[in-house]
Amino acid sequence: MKCDNCGKEETWIEIIGSSFICKKCINQHKIMGLIFRTHMNTFQFALRELKIKNYKEFMTITRKQLEDIINFRKIGIKLETTNVIELD
């Protein structure tokens, strides 16, 4: 099948809303790419809960939206924090 985003012919295509997307394009979203590679059931659960309509909407998913529906600590996903303080 052909990816709707990059147009590349792939054997593994994921359906995101009304779009057929390859794993390379899914991995462009940092957090959802990590979930896709490590916890496929959680990835599909997030897509169902957020009611994603297409790939463009998929790329706008924020960390806050995901934290509202998924307990990352419970399933063992470790994300980088944004609270970094530089010491002099």
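Anyway, here's the lowdown on the structure attached to this text. (Residues numbered from 1 in each chain as written. Predicted model: local features only at pLDDT ≥ 70, side-chain atom pairs only at ≥ 80, totals over all residues. Heavy atoms only, no water.)

Attention now goes to the side chain of T42. One can find T42 in helix α3 (residues 40-50). With relative accessibility at 15%, the residue T42 sits in the buried group. Apart from the residues within four sequence positions on either side, T42 is in contact with I35, I70 and I75. (Helix = DSSP H or I, 4+ residues; strand = E, 2+ residues; numbered from the N terminus. Buried < 20%, exposed > 50% of the residue type's maximum accessible area, 1.4 Å probe, protein only. Contact = heavy atoms within 4.5 Å.)

Let us now look at unusual backbone geometry. Of note, the phi angle at K51 is positive, near 55°, even though the residue is not glycine. Along the polypeptide, K51 turns up in the loop between α3 and α4 (55-58). Owing to a relative accessible area of 59%, K51 belongs among the exposed residues under this scheme.

Attention now moves to the pattern of salt bridges. Side chains that differ in sign of charge can pair as their charged atoms come close. Applying the stated criterion across every chain yields a total of three salt bridges. A salt bridge links E10 to K8; the nearest nitrogen and oxygen atoms lie 3.6 Å apart. On the basis of relative accessible area, E10 is assigned to the buried category, the value being 17%. In this structure K8 comes out as partly exposed when scored by relative accessible area, which is 44%. For D68, the salt bridge identified is with K64, shortest N-O distance 3.0 Å. Of the two residues, D68 and K64 both sit in helix α5 (residues 63-69), four residues apart, roughly one turn of that helix. Overall, the relative accessible area of 53% leaves D68 in the exposed class. (Salt bridge = Lys/Arg side-chain N within 4 Å of Asp/Glu carboxyl O.)

So, on to the pairing of strand β2 (residues 19-22). Relative to β2, strand β1 (residues 13-16) runs antiparallel, the two sharing four bridges. Each bridged residue has a counterpart across the sheet, and for I16 the counterpart in β2 is S19. Linking two consecutive strands that pair antiparallel, namely β1 and β2, is a turn of two residues; a positive phi of about 65° is found at G17 within it. (Pairing = 2+ DSSP bridges.)

Before going further, it helps to spend a moment on the packing of helix α2 (residues 30-38) against α3. Describing two packed helices takes the angle between their axes plus the distance from one axis to the other. Here α2 crosses α3 at 135°, and the two axes come no closer than 5 Å. In terms of orientation, α2 lies oblique with respect to α3. Residues M32, I35, F36 and T38 of α2 form the contact with α3, whose participating residues are M40, T42, F43, A46 and L47. Of the residues in the contact of α2 with α3, the class split is seven nonpolar, two polar and no charged. (Axes fitted to C-alpha atoms, helices over the stretch in contact; angles between N-to-C directions. Parallel < 35°, antiparallel > 145°, perpendicular 65-115°, else oblique. Nonpolar A, V, L, I, M, F, W, Y, C, P; charged D, E, K, R; others polar.)

Don't take any of this as a statement about function, it's just geometry.
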